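# Close look at the chain arrangement
Spelled out, the chains give:
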Amino acid sequence: MKCKECQTPLQVERRCRQVRLKCPKCQREYHIHELASELDSTMEKELERFSCIIYD
Ligand SMILES: [Zn+2]
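Residue positions are counted from 1 within each chain, in the order its sequence is given. Local features in this predicted model are restricted to residues whose pLDDT is 70 or higher, and side-chain atom pairs enter the listing and the counts only when it is 80 or higher, whereas totals over whole chains, interfaces and linings include all residues. Remark: hydrogens and water are excluded; side-chain values derive from all non-hydrogen atoms of the structure.

### As for unusual backbone geometry
Its identity is not glycine, yet Gln 7 carries a phi of approximately 70°, on the positive side. Take Gln 7: it is sitting in the segment before strand 1 (11–15). Strands here are runs of E lasting at least two residues and helices are runs of H or I lasting at least four, both read from the DSSP assignment and numbered beginning at the N terminus.

Right, dumping it as C-alpha cells:
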C-alpha cells in the first residue's frame, strides 16, 4: 500500500483504539476506510492483527 501523494510505502500506526496508515515521508495519514477498496492482500493480512480495533 503506497501513499497517494508520494508513493512511499505506508506504515500501519496504531493509536489507542484506532489504526491509521501513515506515510513516513510526507506524514499524510489515511483512515482505513479511505483505502478499503484499494488494500492489497499484504496490508489486509497486517490489518487482521488489529481486528479488535474499531476502524473509524
Ligand atoms: Zn506520502
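Past the structure itself, the notes keep going.
### Focus: the coordination of the zinc ion
Sites may look incomplete, because water is not among the atoms used; the donor set itself consists of N, O and S atoms within 2.8 Å of the metal (3.2 Å for Na, K and Ca). Only Cys 3 (SG), Cys 6 (SG), Cys 23 (SG) and Cys 26 (SG) from the protein reach the zinc ion as donors, at distances of 2.3 Å. For four-coordinate sites, all angles between 85 and 135 degrees define a tetrahedron; for four- and six-coordinate sites, opposite donors beyond 155 degrees with the remaining angles between 65 and 115 define square planar and octahedral shapes respectively, and all other cases count as irregular. One way to put it: the 4 donor atoms around the zinc ion meet at angles of 100 to 122°, and that makes the site tetrahedral. Binding-site remark: the zinc ion is held by donors from one chain whose sequence spacing is C-x2-C-x16-C-x2-C. Note on classification: 1.4 Å probe, protein chains only; a residue is buried when its accessible area is under 20% of the maximum for its type, exposed when over 50%, partly exposed between these limits. Residue class for Cys 23 comes out buried when judged on its relative accessible area of 0%. The partly exposed category is assigned to Cys 26, whose relative accessible area is 37%.

By themselves, these figures tell us nothing about what the structure is for.
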